[in-house]
There are 2 protein chains.
Amino acid sequence: MQRIYILIFLLCCKNLQAQDYKKILIPYPQACSFNGARFPVNEGFTISVRGEPDKRIYSAATRMLTRLKGRSGLFISQQEVVPGAGTPGSGLLIRVTRAANNVLGEDESYHLVITVDGIMLNAETDLGAIRGLETILQLLKAGNGYYYLPGCVIDDAPRFPWRGLLIDVGRHFMPVDVIKRNIDGMAAVKMNVLHLHLTEDQGFRIECKAFPKLHELGSEGEYYSQDQIRDLLHYAGERGIRIVPEFDMPGHTTSWFVGYPELASAPGPYHVEHRLGVMDPVMDPTRESTYTFIDSFLGEMSKLFPDEYIHIGGDENNGRQWKRNPAIQLFMQVHAIHSNNELQAYFNRRLLAITEKYGKKMIGWDEIMQPGIPTSAIIQSWRGMEGLARAAKSGYPVILSSGYYIDLNFPASDHYLTDPLPDSLHLTTAQRKLILGGEATMWSEMVTWETIDSRIWPRTAAIAERLWSDASVNSVPDMYDKLERISPQLEELGLTHEKNVDMFLRRLAGNENVAALRVFTDVLEPIKDYGSIDYAGYTTGSPFTKIVDAVRPDAKVAREFNILVRNFAADSKDAVSEKKIRQWLIQWKHNHLALRSAFRQYPAIDDVEMLSRDLSVISVSGLEALDYIRLKKHPPLLWRSRVEKELQQASIPRGMTEIMVVAGIRKLVERAEGYF
Amino acid sequence: MQRIYILIFLLCCKNLQAQDYKKILIPYPQACSFNGARFPVNEGFTISVRGEPDKRIYSAATRMLTRLKGRSGLFISQQEVVPGAGTPGSGLLIRVTRAANNVLGEDESYHLVITVDGIMLNAETDLGAIRGLETILQLLKAGNGYYYLPGCVIDDAPRFPWRGLLIDVGRHFMPVDVIKRNIDGMAAVKMNVLHLHLTEDQGFRIECKAFPKLHELGSEGEYYSQDQIRDLLHYAGERGIRIVPEFDMPGHTTSWFVGYPELASAPGPYHVEHRLGVMDPVMDPTRESTYTFIDSFLGEMSKLFPDEYIHIGGDENNGRQWKRNPAIQLFMQVHAIHSNNELQAYFNRRLLAITEKYGKKMIGWDEIMQPGIPTSAIIQSWRGMEGLARAAKSGYPVILSSGYYIDLNFPASDHYLTDPLPDSLHLTTAQRKLILGGEATMWSEMVTWETIDSRIWPRTAAIAERLWSDASVNSVPDMYDKLERISPQLEELGLTHEKNVDMFLRRLAGNENVAALRVFTDVLEPIKDYGSIDYAGYTTGSPFTKIVDAVRPDAKVAREFNILVRNFAADSKDAVSEKKIRQWLIQWKHNHLALRSAFRQYPAIDDVEMLSRDLSVISVSGLEALDYIRLKKHPPLLWRSRVEKELQQASIPRGMTEIMVVAGIRKLVERAEGYF
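The structure presented is a predicted model; accordingly, all values stated were derived computationally and were not measured. Starting afresh in each chain, residues are numbered from 1 along the sequence in its written order. Chains carry letters and ligands carry numbers; both start at the beginning, A for chains and 1 for ligands, and go up in the order they are written. In keeping with the model being predicted, local features are shown solely for residues with a pLDDT of at least 70 and side-chain atom pairs are shown and tallied solely at 80 or more, while totals for entire chains, interfaces and linings include all residues. With hydrogens and water set aside, each side-chain value is computed from the structure's full complement of heavy atoms.

What we call a nonpolar core is a set of buried Ala, Val, Leu, Ile, Met, Phe, Trp, Tyr and Cys residues that are connected through their side-chain atoms within 4.5 Å. For each residue, the accessible area found with a 1.4 Å probe, counting protein chains only, is set against the maximum for its type, and the residue is called buried under 20%, exposed over 50%, and partly exposed in between. Counting 198 residues, the largest nonpolar core has Ile94, Phe247 and Trp256 of chain A as its most contacted members. No other element matches the eight residues that helix H24 (residues 609-631) of chain B contributes to this core. If we skip the residues at most four places from it in the chain, Ile94 of chain A touches Ile47, Ser48, Val49, Arg50, Ile57, Ala61, Leu121, Ala129 and Leu133 of chain A. Secondary structure elements are defined from DSSP: runs of H or I of at least 4 residues count as helices, runs of E of at least 2 residues count as strands, and each element is numbered from the N terminus. The contact rule is simple, with two residues in contact once any of their heavy atoms fall within 4.5 Å.

Next up, the structure:
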């Protein structure tokens, strides 16, 4: 009998452990079991490599060792991982069968076994081993005064082969170090494609030797030299990440026309665009000289970028310049081209021939899916799941970006629950195989080098899990737990998503005393979606250093407060939740007083002063609601209408930010009113 | 009568204002008066340039505009400063007479007048104008809901022409972006020389085309390509900063010998050094092949670096390899060279000939001051003021580094009060002119790319003021006020000295809840000076991510606490100070309890657990002392001996950090005992 109890107890422990690790590994592996053993990590820890890997495994393992030291503070004596180094018995033994090619579909699987005696990481390729190293780092735990790796058997491989992040360096340029640290962040969550959106109306961001006026006149001095690109390619390759360059054509091309106005469909002169939005300038697809130019240009770029794919954009051409140009209209008549869509299809077919000539496959946005474009081209779907399904049904490989627009400030949960292959799609098995994966898109209208990390991370880790792990891994609370754990680990790589929050507050306040400002801004988020984000008042040169830029999506304090209220609403005897809710409300109630002088002193934050006042006002009402609930007293009618007005007032965004605890306080008020 | 009162009142206001600005501008200008006027800065603010400047003034002014927008949140409509842009009446008018050369002694003066009608910045050269732009940015103030620049007349020029920062990229490599943001920081406080210590036992950090094994085998992959160096030179030049390269010879050269062991005075093989300290390997100065090698090498480097100076190091050769090498001993006999010093002088004379051949002037550390070295060489004095005086008296130009060793974690006040030209030196006017200035030295034994900013800033701003401003500008409290104000401004440039503190705490704790850890670490500082910093346990690959790396010199909370105690000790009726002292002590007393579970959870911080306990213990005693003082009661004898033991215990550094409030609490205890 006693034995059975012990057995049940042990089984519970084991389940509890598995549950525990569900909240740690991101992306969660395909198969994973924990056995309660521990491999202690101490100063004698070593890493050794066997087999026939590409040499990048050595630098990857050395970087992993450095991060392990940094995180644990352990003076591990091994300095670097080199061929033949390490004592297999005393730590991690990596076995790799062959060197990987950094191409779409390469084997990224790995097999990890941790026992009390050591760690075995086996992989077909060094790419798989590099993915496994990140899993090991995430497993590191501390307890009873020492660090250890938990005993486990993990079999892992990605669900989708294309797990990308698009960074738009056109609208706001991002220096090399920003790209590098984001490459490291991607590798930490097993992403494998960096899509660089290199050209835009607002900037041409890459050196072109054939047509130097492209970068010289089109970038205001902010572009990557080809040496820097080679450096980035090497850096990404070392981490098992492909770089796919995008040269968006025929629209989004104002910056090309500054140096080469003859490419455009309307006479110049052109200037680098500072405004944001969809612009008229578009290439002239009717002149042969346009294709001669593109041929030379793509020839040069095809040599620079080794990847087999090249992205030609193809989105958001409003067609105005074409309509107004008589020569283009005549060309359409002569060639029986009946619409701008058909004209763009003609343009794309010409581009396709050029990319094929240079041995490249073409990718483009939804719009390129037109008659004559063969199914070797990949469609990147930004306009919705229907476009994705249509592409796959038409036989095109397709990657999903709709639902992964991280520039729009939606919570991570929204992206997390967007599956590229939901059952609702009704695709055949062959069609399902055409869904290659997805890409988070970091458009840069509203971000700079200082804020971009906070828009990408940690939310992109949730998308990374969606694209790597099984569709059944979809618990939102677990996901938020994992984001919270991975966030300081991402900081090891230089990412600034956490640390720049206080930095902005210090800058706006002009000093270090930002505690009250932080209490306030901790419940704010930037407003969401294209509909409400107001580009109109902004240019590329506007200050992106205000409160809206300091605060981040997924305001943690607000999310936790709203959960507390949900718990309390479900069970008004939940005294623990009630107490915490009360503490928050009291803090917010008084905080405005602490901040009032700050608002007077620092005009840079006065656009959100009203929000601080509103937060204080609704917190008072929230406290009153708590009292009514506790006293089981029905609130008077006048109270209800007053509070409703306050809540409506507090729901109005100011300075492009909004208070995220209005929902929670409204729930309290409704509870007090007996609505649920 | 009333008029006289008003006049007195206005005069007081004016004095008060001048006093106020003393606490703002760093470095403080040579001549400076404020008149109470205000030029409001709003969206219509423009910058225009007149005269014949180098074109770098336009990018400098554009950067200044961006920082002005970022700090104020103002949507200033001007996008960039280009020739002919701006409306002189609506903002800043820059007038420059001629383009500057970026050489030692170039005119950096500027004249700034701010009235209600506009801002006039006049300078002989664009360098002077660039310095003036930083003054304007520092002047920006907010009040009554708007930003303004205070009316003033400023005449400014540097006291010394050489105001440098040495960054040692040899022992720990610093990526390009780390160097760039520090160049920006230097420019913000008007420094003008970046001294790059490029080669060390632990790494050869620059690409060499003539001898590629130098960087290929000597750097473990961490070096600057020549393209990156050119990029850095351009970046520094744009900001009016010279880059002086150092190739330290004949010692500190292990990394050279990995690829070229034939240069050494003892047979190889050599490996990149991972230990820290002074090593034996030294070049063989007796073989002609050594000089052929150095000739080719310095020839290549002389072309790459445009500056007229080249630093050949020359320090810390322990001579052991020379003593043990019979061929070298024979050479010395044959050539009547009687000591290692004389042999090194021979070596230096050979180097001098090579540098002169390439049109360069030589700089070296104290040790190069030997017979035969002409007074065209500059001596960099690291061994003390006597060396400095001796150099000047011998006719050498000299720069001071002794007293500016920022790697040793001394408080800013120590560096601030080190004057390169104190009256005590007794030099002639001609000799005084030989003192060119000074250099802060950021040796990198114990720092990495993550911590270097926190060792350089904001303390180096105090050294920058010492080297730019008049010797009479020497108020330590004002200096600390200015450091506190400049610190968030330096963050605009990407510097991480503030924001990496919490980052490290989050990493060590593995999560975001670091409030209690921060309360504790806010009174800690890294230990100071070579005597106590223990290199022995460290290698270049050790973790530099522990509490000692998170905390910084000049712990602000500790400094303020100790000042409070000083005030209270002088006047025990000072109830305000007493109350604040009590609040701190109570917080520290309880904080250890909050942290105890953290110490158990995170072994990475257990090296400082004892300090947390000690802080709690002495805080209790401090509270008891406060009570004795208030009650005017003499403490019992046993209390005194117990507390003395506690204080001694709390003075012991742990994990290479120390508690900085022991002095303050000791003062309280002594006051209670009636010792003062």
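Turning our attention to the domain arrangement of chain A. Its domain assignment divides chain A into domain 1 (2-156) and domain 2 (500-672). Note that the domain bounds were set by an automatic or database domain assignment. The C-alpha-based centres of domain 1 of chain A and domain 2 of chain A are spaced at 42 Å.

Below, the discussion takes up the environment of Thr448 of chain B. Within the element layout of this structure, Thr448 of chain B appears in the loop between strand S17 (435-442) and helix H15 (452-456). With near-sequence residues (within four places) excluded, Thr448 of chain B lies in contact with His172, Met174 and Phe544 of chain B.

Now for the packing of helix H16 (residues 459-468) of chain B against helix H17 (residues 476-491) of chain B. Residue and element names in this part refer to chain B. H17 packs onto H16 with a crossing angle of 125° between their chain directions and a minimal axis gap of 9 Å. Considering their axes alone, H16 and H17 lie oblique with respect to each other. For the pair H16 and H17, the crossing hand works out as right-handed. The residues of H17 that touch H16, namely those facing Arg459, Ala461, Ala462 and Glu465, are Met479, Lys482, Leu483 and Ile486. Of the residues assigned to the contact of H16 with H17, the class counts are five nonpolar, no polar and three charged. Between the N-to-C directions of two axes lies an angle of 0 to 180 degrees, each axis being a line fitted to C-alpha atoms and, for a helix, fitted only over the stretch in contact. Should an angle fall under 35 degrees it is called roughly parallel, over 145 degrees roughly antiparallel, and 65 to 115 degrees roughly perpendicular, with every other angle called oblique. Left-handed describes a crossing whose near helix is turned anticlockwise from the far helix through less than a right angle; right-handed describes the clockwise counterpart. Under this grouping Gly is polar, as are all residues other than the nonpolar Ala, Val, Leu, Ile, Met, Phe, Trp, Tyr, Cys and Pro and the charged Asp, Glu, Lys and Arg.

The interface of chain B with chain A comprises 56 residues on the first partner and 56 residues on the second. The junction of chain B with chain A conceals about 4300 Å² of combined surface from both sides, 52% of it contributed by carbon and sulfur atoms. By definition, a salt bridge exists where a carboxyl oxygen of Asp or Glu is found within 4 Å of a side-chain nitrogen of Lys or Arg. Where chain B touches chain A, the interface holds two salt bridges. Put simply, Glu491 of chain B and Arg506 of chain A hold a salt bridge, and the shortest N to O gap is 2.7 Å. Buried area is understood as the total, over both parts, of accessible area removed when two parts are fitted together, assessed with a 1.4 Å probe.

With that out of the way, let us pick up the pattern of salt bridges. Counted according to the given criterion, the structure contains 98 salt bridges over all chains. The shortest N-O distance in the salt bridge between Lys180 of chain A and Asp231 of chain A comes to 2.8 Å. Pair noted here: Lys180 of chain A is in helix H4 (residues 176-188) and Asp231 of chain A is in helix H6 (residues 226-238), with a separation of 51 residues, a long-range link. When its relative accessible area of 25% is taken as the criterion, Asp231 of chain A is described as partly exposed. Note that Asp307 of chain B is salt-bridged to Arg242 of chain B, the shortest N-O span being 2.8 Å. You can see Asp307 of chain B sitting in the loop between helix H8 (288-304) and strand S13 (309-313) and its partner Arg242 of chain B sitting in strand S12 (residues 242-249), a full 65 residues away along the chain. Accessibility assignment for this pair places Asp307 of chain B and Arg242 of chain B in one class, buried. When salt bridges that share partners are traced, they join Arg67, Arg71, Glu134 and Glu492 of chain A into one network.

Let us look at the relation of the copies chain B and chain A. In this comparison the copies share one frame, found by least squares on the C-alpha atoms of residues holding pLDDT of at least 70 in both. Structural alignment of chain B on chain A gives an RMSD of 0.0 Å, achieved by rotating through 180° and translating 0.0 Å along the axis. Look at the turn and shift together and you get a two-fold axis relating the two. Proximity to the rotation axis, assessed at the C-alpha, singles out Lys499 of chain B in chain B; its C-alpha lies 2.7 Å from the axis. The residues that chain B uses at the interface reappear at the interface of chain A in 100% of cases, marking a shared surface.

With that settled, consider the pairing of strand S9 (residues 193-197) of chain B. All names here are of chain B. By the criterion of burial, S9 is predominantly enclosed, with five of the five residues buried. Side chains Val193, His195 and His197 of S9 all project onto a buried face; the interleaved residues Leu194 and Leu196 project onto the opposite face, where all are buried too. Of the strand pairs in this sheet, strand S8 (residues 162-168) and S9 are connected by five bridges, and their pairing is parallel. Looking at S9, one finds that Leu165 is bridged to Leu194. Every crossover in which the path from the first strand over the helix to the second runs clockwise, viewed with the strands pointing away from the viewer, is termed right-handed. At this point the chain moves from S8, through helix H4 (residues 176-188), to the parallel S9, and the crossover so formed is right-handed. The pairing of S9 with S12 spans five bridges and is classified as parallel. Pairing between two strands requires that DSSP report at least two bridges joining them.

Now for the pairing of strand S5 (residues 118-125) of chain B. Looking along a regular strand, one sees side chains alternate from face to face of the sheet. All names here are of chain B. Both strand S3 (residues 91-98) and S5 contribute to a ladder of six bridges, which runs parallel. The residue of S5 that forms the bridge with Leu92 is Ile119. Where strand S4 (residues 110-115) folds back onto S5 in an antiparallel hairpin, the turn is made up of two residues.

Residue and element names in this part refer to chain A. Centres within 6.5 Å are what make two rings of Phe, Tyr or Trp a pair, Trp counting through its six-membered ring; a difference in plane orientation under 30 degrees is then read as stacked, over 60 as edge-to-face, and the rest as tilted. Enumeration over the complete set of coordinates arrives at 48 aromatic pairs over all chains. Here the aromatic cluster, defined as three or more aromatic residues joined through ring pairs, consists of Phe204, Phe247, Trp256, Phe297 and Phe305. Lying across the ring of Tyr416, Arg466 places its NZ or CZ 4.6 Å from the centre. Counting as a charge over the ring demands two things of the Lys NZ or Arg CZ atom: a distance within 6 Å of the ring centre and an angle within 35 degrees of the ring normal.

On to the packing of helix H8 (residues 288-304) of chain A against helix H11 (residues 340-357) of chain A, then. Residues and elements named next belong to chain A. Running from N to C, H8 and H11 point in directions that differ by 35°, and their axes come no closer than 10 Å. In terms of crossing hand, the pair formed by H8 and H11 is right-handed. For the pair H8 and H11, contact is made by Glu288, Tyr291, Ile294, Asp295 and Leu298 and by Tyr346, Phe347, Arg350, Leu351, Ile354, Thr355 and Lys357, respectively. Counted by class, the contact of H8 with H11 contains seven nonpolar, one polar and four charged residues.

The subject of this paragraph is helix H17 (residues 476-491) of chain A. All names here are of chain A. Expected span of a helix, by definition, is 1.5 Å for each gap between consecutive residues, and there is one gap fewer than residues. Taking 1.5 Å per residue, 16 residues should reach 22 Å; H17 reaches 23 Å between its end C-alpha atoms and fits that length. Where H17 bends most, at Arg485, the angle is about 25°, and the proline Pro488 comes one to four residues later. Listing the buried residues of H17 in full gives Asp478, Met479, Tyr480, Lys482, Leu483, Ile486, Ser487, Pro488, Gln489, Leu490 and Glu491. The distance from a side-chain oxygen at the start of H17 to the backbone nitrogen of Asp478 is 3.1 Å, and the residue carrying that oxygen is Ser475. Bend at a residue means the angle formed by two fitted axes: the first through the 7 residues ending at that position, the second through the 7 residues beginning there. Residues adjacent in sequence count toward polar contacts only when both atoms are side-chain atoms; beyond that, a polar contact is any pair of N or O atoms within 3.5 Å, and within protein one must be able to donate a hydrogen and the other to accept it.

Further remarks concern the environment of Pro161 of chain B. Residue and element names in this part refer to chain B. Here Pro161 lies in the loop between strand S7 (146-156) and S8. Taking the relative accessible area as the measure of exposure, Pro161 reaches 28% and is therefore partly exposed. Counting along the chain gives 87 residues from Pro161 to Asp248, while the straight-line C-alpha distance between them is 24 Å. Among all residues touching Pro161, those that are not within four sequence positions of it are Leu104, Gly105, Asn192 and Leu436.

What follows is about the sheet that holds strand S15 (residues 378-381) of chain B. Residue and element names in this part refer to chain B. Strand order in the closed barrel formed by eight strands is S8-S9-S12-S13-S14-S15-S16-S17, and the pairing between neighbours is parallel. Adjacent strand axes in the sheet meet at a mean angle of 25° when their direction is disregarded. Helix H12 (residues 385-393) rests against S15, strand S16 (398-400) and S17 of the sheet, and its axis sits at about 165° to S16.

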